[in-house]
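If you want the building blocks of each chain, they are given just below.
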Amino acid sequence: MARDPYLELGVSRSAGADDIRKAFRKLAKQYHPDANPGDKTAEEKFKRVSGAFDIVGDPDKRKKFDNGEIDAEGREQHPFSRGGGGFGSGGPGGWSPRGAGGQAPDGVDLNDILGEMFGRGGPRNPGGFGGFSTKGQDVRAKIDIDLEDAIRGAKKRIAFSDGRTVEVAIPKGAQDGQTLRLKGQGAPGRGGNGDALIELSIRPHPIYRREGDSLEMDVPITVPDAVLGGKVEAPTPDGNVSLTVPKGSNSGQQLRLKGRGFIDAKGRRGDLVARLVVTLPDVPGPELEQFAQEWKAKRPYAAKRR
């Protein structure tokens, strides 16, 4: 037989509507299945207090119950019929909130109770318990970006499997593997949409190589520039710059460009290291060949090895 709903909620028969609502809210948060996963005892208790509130939380049902016109299950009573078992119009364990969005009797919103338990939007499991609740599922996607986009920030569009396209703001200093959360762009649910989680992947770059927050690149220079020194144009993620090649430079020599590298997770910008590579023309001319022969005759390299 169902317990007296006043006893189930722990309130007296003279309790006011506010006291009854407060008692229900406290017990609902304590025994809600999402707060007690796998606990059948808590789940049954939640059903019982919900059924009790369905009776005494509704002014009309409460009056009928007090007058003996309905039982603790909400069924009408005849002069020679009293009692019954379980709660709610659906029988034992069959209670579910009435109205759209999980609105319980007399203005108590169970979604609001879940918000207090788990933060606004309730727990993450779609559908929740008893048919009320909860935000839709989060959806995940991956987007490839260029290294320059990660450094400077950018706007990208991504398409979801349901046909929607969403603009994603890539923040300055984005990191490879970083996940961006787009609020409300996930699957729909009765308690609102879930979120979209976008994982960033930085594409390999044709020029730059990453070493932590530093970037490295090769810069080709001509033989005359290597011997005599000079100016060459070199790329950076922020645009081309004029690079000064020291006199007597050789392949493998490194020049450091401060603050032109990658950005770490704390927003600090690394350096760009330019590695000089002495190159010859595709087709050496007769003058270059003659110069090489004369130079070889002097054997400057052999002299250096002695």
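Rules used in this analysis
- Residues numbered from 1 in each chain as written.
- Predicted model: local features only at pLDDT ≥ 70, side-chain atom pairs only at ≥ 80, totals over all residues.
- Heavy atoms only, no water.
- Pairing = 2+ DSSP bridges.
- Helix = DSSP H or I, 4+ residues; strand = E, 2+ residues; numbered from the N terminus.
- Axes fitted to C-alpha atoms, helices over the stretch in contact; angles between N-to-C directions.
- Polar contact = N/O pair within 3.5 Å; in protein donor to acceptor, adjacent residues only side chain to side chain.
- Core = buried A, V, L, I, M, F, W, Y, C linked by side-chain atoms within 4.5 Å.
- Buried < 20%, exposed > 50% of the residue type's maximum accessible area, 1.4 Å probe, protein only.
- Contact = heavy atoms within 4.5 Å.
- Phe/Tyr/Trp six-rings, centres within 6.5 Å; stacked < 30°, edge-to-face > 60°.
- Salt bridge = Lys/Arg side-chain N within 4 Å of Asp/Glu carboxyl O.
- Parallel < 35°, antiparallel > 145°, perpendicular 65-115°, else oblique.
- Nonpolar A, V, L, I, M, F, W, Y, C, P; charged D, E, K, R; others polar.

Give me the sheet that holds strand E4 (residues 179–182): which residues, what numbers.
The mixed open sheet is built from three strands, whose spatial order is E1-E5-E4. Only two strands of the sheet have a single partner each, and these edge strands are strand E1 (139–145) and E4. For this sheet, the mean angle separating the axes of adjacent strands, direction not counted, is 25°.

Lay out helix H4 (residues 59–66) in plain terms, naming residues and giving numbers.
You can read the cap of H4 off the contacts: a side-chain oxygen lies 2.9 Å from the backbone nitrogen of Asp60, and it is on Asp58. Residue Gly68 follows H4 closely and has a positive phi angle near 80°.

An account of the nonpolar core is needed here, citing residue identities and associated values.
Of all hydrophobic cores here, the largest spans 37 residues; its most connected members are Ile158, Ile170, Ile198, Val219 and Leu243. The contact partners of Val219, leaving out residues within four places of it in the chain, are Val232, Ala234, Leu243, Ala274, Arg275, Leu276 and Val277. Membership of the second largest hydrophobic core comes to 18 residues, among which are Tyr6, Phe24, Ile55 and Ala72.

Which residues make up the sheet that holds strand E11 (residues 272–279), and what values go with them?
Read from one edge of the open sheet, four strands run E6-E7-E11-E10, paired in mixed fashion. Two strands in the sheet have a free side with no partner beyond their single neighbour: strand E6 (209–211) and strand E10 (254–257). Between one strand axis and the next, the sheet turns by 35° as a mean value, whatever way the strands run. Bridging between strand E7 (residues 214–222) and E11 involves eight bridges; their strand directions are parallel. For Met217, the partnering residue across the bridge sits in E11 and is Ala274.

Outline the packing of aromatic side chains, supporting the account with residue identities and numerical values.
Counted by the stated rule, this structure contains two aromatic pairs. Geometrically, the ring pair formed by Tyr6 and Phe65 is tilted, given 6.2 Å between the ring centres and 50° between the ring planes. In this pair, Tyr6 sits in helix H1 (residues 5–9) while Phe65 sits in helix H4, placing the two residues 59 residues apart along the sequence. Like Phe65, Tyr6 is buried. Seen in terms of ring centroids, Phe24 and Phe53 are 4.3 Å apart; in terms of plane orientation they differ by 5°. Their pairing is stacked. One end of the pair, Phe24, is in helix H2 (residues 17–31); the other, Phe53, is in helix H3 (residues 40–56), and 29 residues separate them in sequence.

Could you give an account of the environment of Pro235, naming the residues involved and the relevant values?
Looking at where Pro235 falls in the secondary structure, it is placed in the loop between strand E8 (230–234) and strand E9 (241–245). Judged by relative accessible area, which is 24%, Pro235 ranks as partly exposed. Put simply, Pro235 and Ala274 are 39 residues apart on the chain and 9.6 Å apart in space, counted from C-alpha to C-alpha. Not counting residues within four places of it along the chain, the set of residues in contact with Pro235 comprises Ile207, Tyr208, Met217, Asn240 and Leu272.

Let's hear about the pattern of salt bridges: which residues, and what values?
Throughout the structure, instances matching the rule amount to 23 salt bridges. Across the salt bridge formed by Arg48 and Glu8, the nearest N and O atoms sit 3.0 Å from each other. Pair noted here: Arg48 is in helix H3 and Glu8 is in helix H1, with a separation of 40 residues, a long-range link. In this structure, Glu73 and Arg75 form a salt bridge, with 2.6 Å as the shortest nitrogen-oxygen distance. Overall, the relative accessible area of 7% leaves Glu73 in the buried class. You can call Arg75 partly exposed: its relative accessible area is 41%. Overlapping salt bridges bring together Asp138, Arg181, Lys183 and Asp195 as one network.

Quick rundown of the packing of H3 against H4? Include the residues and the values.
The contact between H3 and H4 brings their axes to 5 Å, and the two run at 90°. Taken as axis vectors, H3 and H4 run roughly perpendicular relative to one another. Across the interface between the two elements, Asp54, Ile55 and Val56 from H3 touch Lys61, Arg62 and Phe65 from H4. Grouping the constituent residues of the contact of H3 with H4 by class yields three nonpolar, no polar and three charged.

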